[in-house]
Amino acid sequence: MDMLQTRRLTVEDAEACAALREEALRFSPEAFAVTYEEEAADDNFLGIVQERLLWRHAVTIGVFEDSVLVGTAMLLKNTLQKMKHKADLEGMYITTASRGRGAGSALMRALLEQARRWDIERLQLAVVSSNEQAKSFYASFGFRTFGTEPKALKWLGTYWDEEHMALFL
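These notes cover the structure that comes with them. (Residues numbered from 1 in each chain as written. Predicted model: local features only at pLDDT ≥ 70, side-chain atom pairs only at ≥ 80, totals over all residues. Heavy atoms only, no water.)

Note that N78 resides in the loop between β3 (68-77) and β4 (86-94). A residue is classified by how much of its surface remains accessible, and N78, at 18% relative accessible area, is buried. What N78 contacts, discounting residues up to four positions off in sequence, is M83, K84, K86, A87 and D88. (Helix = DSSP H or I, 4+ residues; strand = E, 2+ residues; numbered from the N terminus. Buried < 20%, exposed > 50% of the residue type's maximum accessible area, 1.4 Å probe, protein only. Contact = heavy atoms within 4.5 Å.)

The buried fraction of strand β2 (residues 58-65) is high, at eight of eight residues. Neither face of β2 is open: one carries A58, T60, G62 and F64, the other V59, I61, V63 and E65, and all of them are buried. Looking at chain direction, strand β1 (residues 4-8) and β2 are connected through five bridges and run antiparallel. Residue pairing for β2: T6 is matched across the bridge by V63. Summarising the sheet, β2 and β3 pair through eight bridges and their orientation is antiparallel. Bridging across to β3, V63 finds its partner in G71. The turn joining β2 and β3, which pair antiparallel and follow one another in sequence, is formed by two residues; a positive phi near 50° is taken by D66. (Pairing = 2+ DSSP bridges.)

Now for the side chain of T95. Note that T95 resides in the loop between β4 and α4 (103-117). Leaving out residues up to four positions away in the same chain, T95 has contacts with L20, E23 and V70.

Moving on: the packing of helix α1 (residues 14-27) against helix α3 (residues 45-53). Orientation of α1 relative to α3, taken along the N-to-C sense of each, is 110°, at an axis distance of 9 Å. Accordingly, the angle class assigned to the pair α1 and α3 is roughly perpendicular. Crossing geometry of α1 relative to α3 is assigned as right-handed. On α3, the residues that touch A14, E15, C17, A18, R21 and E22 of α1 are F45, L46, V49, Q50, R52 and L53. Classifying every residue of the contact of α1 with α3 gives seven nonpolar, one polar and four charged. (Axes fitted to C-alpha atoms, helices over the stretch in contact; angles between N-to-C directions. Parallel < 35°, antiparallel > 145°, perpendicular 65-115°, else oblique. Left-handed = near helix turned anticlockwise from the far one by under 90°. Nonpolar A, V, L, I, M, F, W, Y, C, P; charged D, E, K, R; others polar.)

This part takes up the packing of aromatic side chains. In this structure the tally under the stated criterion is four aromatic pairs. On the numbers, 6.5 Å between centres and 55° between planes, the contact of F32 with Y93 is tilted. Here the residue F32 occupies a position in the loop between α1 and α2 (36-39), and Y93 occupies one in strand β4, the gap between them amounting to 61 residues. Classification of F32 as buried rests on a relative accessible area of 8%. Given the relative accessible area of 4%, Y93 is considered buried. Relative to F143, the ring of Y138 has its centre 5.8 Å away and its plane inclined at 65°; by these criteria the two rings are edge-to-face. Accessibility assignment for this pair places Y138 and F143 in one class, buried. Cluster of aromatic residues (ring-pair linked, three or more members): F137, Y138, F141 and F143. (Phe/Tyr/Trp six-rings, centres within 6.5 Å; stacked < 30°, edge-to-face > 60°.)

Turning our attention to α3. Looking only at α3, the buried set comprises F45, G47, V49 and L53. In this structure, the buried side of α3 is in contact with α1, α2 and β2.

This paragraph deals with the nonpolar core. In this structure, L89, M92, L107, M108, L111, Y138 and F143 are the most contacted members of the largest nonpolar core, which totals 28 residues. Only β2, β3, β4, α4, β5 (122-128), α5 (132-140) and β7 (158-168) provide two or more residues apiece to this core. If one sorts the elements of this core by residue count, α4 sits on top with eight residues. Formed by 16 residues, the second largest nonpolar core is a distinct cluster that contains C17, Y36, F64 and L69. (Core = buried A, V, L, I, M, F, W, Y, C linked by side-chain atoms within 4.5 Å.)

See the structure below:
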């Protein structure tokens with residue numbers, strides 16, 4: 001089995017992170033609210049990724065397989081006083097070649113560890129309702145659906161419903 005490692009991404013990881021983000025937006029357009037055309041086609045896309053990696057209220061964690069970045073996700077802390085107990089899991093993506101090999105689980109364990117360090121009580125996410133594999137993955141970590149938003153996303157005439165899931169830590 002290949003060696004998996006997780007760690008917080010830094011500005012030095014921006015190029016690899018940007019390449020992975022571009023892949024995610026191209027090959028899994030239904031999984032993200034932003035389109036490839038909106039984000040990756042921006043002349044300053046690398047700068048946008050670098051800026052996100054510096055956000056004080058967020059952390060982007062990467063999973064590496066034999067030193068190659070194969071997945072990322074962001075934890076985004078709520079900064080409002082009454083909502084500081086919550087964080088959002090955003091933009092989780094694992095390359096197709098690395099799915100089913102433990103990379104997603106390693107990444108989720110690192111995300112949960114970070115959430116606990118921040119004293120987060122509730123971690124939440126949104127997932128396209130038709131993505132049974134992702135929903136099953138999140139459920140295996142204890143996430144439960146608390147609502148569905150019909151037609152949450154629309155792209156090129158196609159609608160996708162989103163399920164909102166939460167995990168109480």
